[in-house]
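Here are the chains, one letter per residue:
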Amino acid sequence: VFLLFTLSGCGGALTLNAPNVAPSVAREPTRVDLDPIETRGVVQGDFAAPGPAAVLTAAMNQELAGRALTGGDPGGYTVRCALDRFAVRTETRVTENSELLALYADLSCEARRGNDAAIVWRGELRGRACEEGSNVLGTSMGVTQQLVNRALSDAARELASDLALRALGL
């Protein structure tokens, strides 16, 4: 099997797009305010502005707003995170006309209660996603872009879920 490895595809910068999630209106949710994520670590790949940290912030905020989170502190929470690693890797299988894409996002975070700013959790969040798609042309930016959009959506959902459920117990 002939494999051609590339880092984020060929032909220019990938655009990272946050998924659209409808906000929850079913009940009064517990507030989780995610401050803009800062980039502290390694970003591997060529990405168009606004870049991985800003897009992950938007995606995670939409995921959190789309859930009716309950429990926890009545004043809600404020969360600050730093992007320690973000990478997109692709593998094109020419003989099979397919492309595999893996996305990695590692965050270091700290959550504080909204009422008194006391730290309630400090730790790591890791988002991982893999996608596969048909790529007859070998390395097509259109296919790579579709795969990175799906992978980013999955990784943001995983990061938001881990924050809300595992870290904050909501």
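Parameters and conventions
Residues numbered from 1 in each chain as written. Predicted model: local features only at pLDDT ≥ 70, side-chain atom pairs only at ≥ 80, totals over all residues. Heavy atoms only, no water. Salt bridge = Lys/Arg side-chain N within 4 Å of Asp/Glu carboxyl O. Helix = DSSP H or I, 4+ residues; strand = E, 2+ residues; numbered from the N terminus. Buried < 20%, exposed > 50% of the residue type's maximum accessible area, 1.4 Å probe, protein only. Disulfide = S-S within 2.5 Å. Pairing = 2+ DSSP bridges. Phe/Tyr/Trp six-rings, centres within 6.5 Å; stacked < 30°, edge-to-face > 60°.

**Here's the deal with the pattern of salt bridges**
With the rule as written, the count across this model stands at 13 salt bridges. In this structure, Arg-85 engages Asp-106 in a salt bridge whose closest nitrogen and oxygen atoms are separated by 3.4 Å. With Arg-85 in strand β4 (residues 77-93) and Asp-106 in strand β5 (residues 98-113), the pair connects residues that are 21 residues apart, well separated along the chain. On the basis of relative accessible area, Arg-85 is assigned to the partly exposed category, the value being 27%. The buried category is assigned to Asp-106, whose relative accessible area is 10%. Residues Glu-110 and Arg-112 are paired through a salt bridge, measuring 3.0 Å at the closest nitrogen-oxygen approach.

**Here's the deal with the state of the cysteines**
Going through the model one piece at a time under the given rule, you end up with one disulfide. The disulfide partner of Cys-81 is Cys-109, and the S-S distance across this bridge is 2.1 Å. Between Cys-81 and Cys-109 the disulfide shows an S-S torsion of about 110°. By sign, it is right-handed. Placement of the pair is Cys-81 in strand β4 and Cys-109 in strand β5, with a sequence separation of 28 residues.

**Digging into the pairing of strand β6 (residues 119-134)**
Of the pairings in the sheet, the one linking β5 to β6 comprises 15 bridges and is antiparallel in character. In the strand pairing of β6, Cys-109 is matched with Gly-123. As consecutive antiparallel partners, β5 and β6 are separated by five residues, and within that stretch Ala-117 has a phi angle of approximately 60°, a positive value.

**Some words on the packing of aromatic side chains**
Enumeration over the complete set of coordinates arrives at one aromatic pair. Here Phe-47 and Phe-86 contribute two aromatic rings whose centre-to-centre distance is 5.3 Å and whose plane-to-plane angle is 75°, an arrangement assigned as edge-to-face. Of this pair, Phe-47 sits in the loop between β3 (38-44) and α1 (52-65) while Phe-86 sits in strand β4, and the two are 39 residues apart along the sequence. When sorted by exposure, Phe-47 lands in the same class as Phe-86, which is buried.

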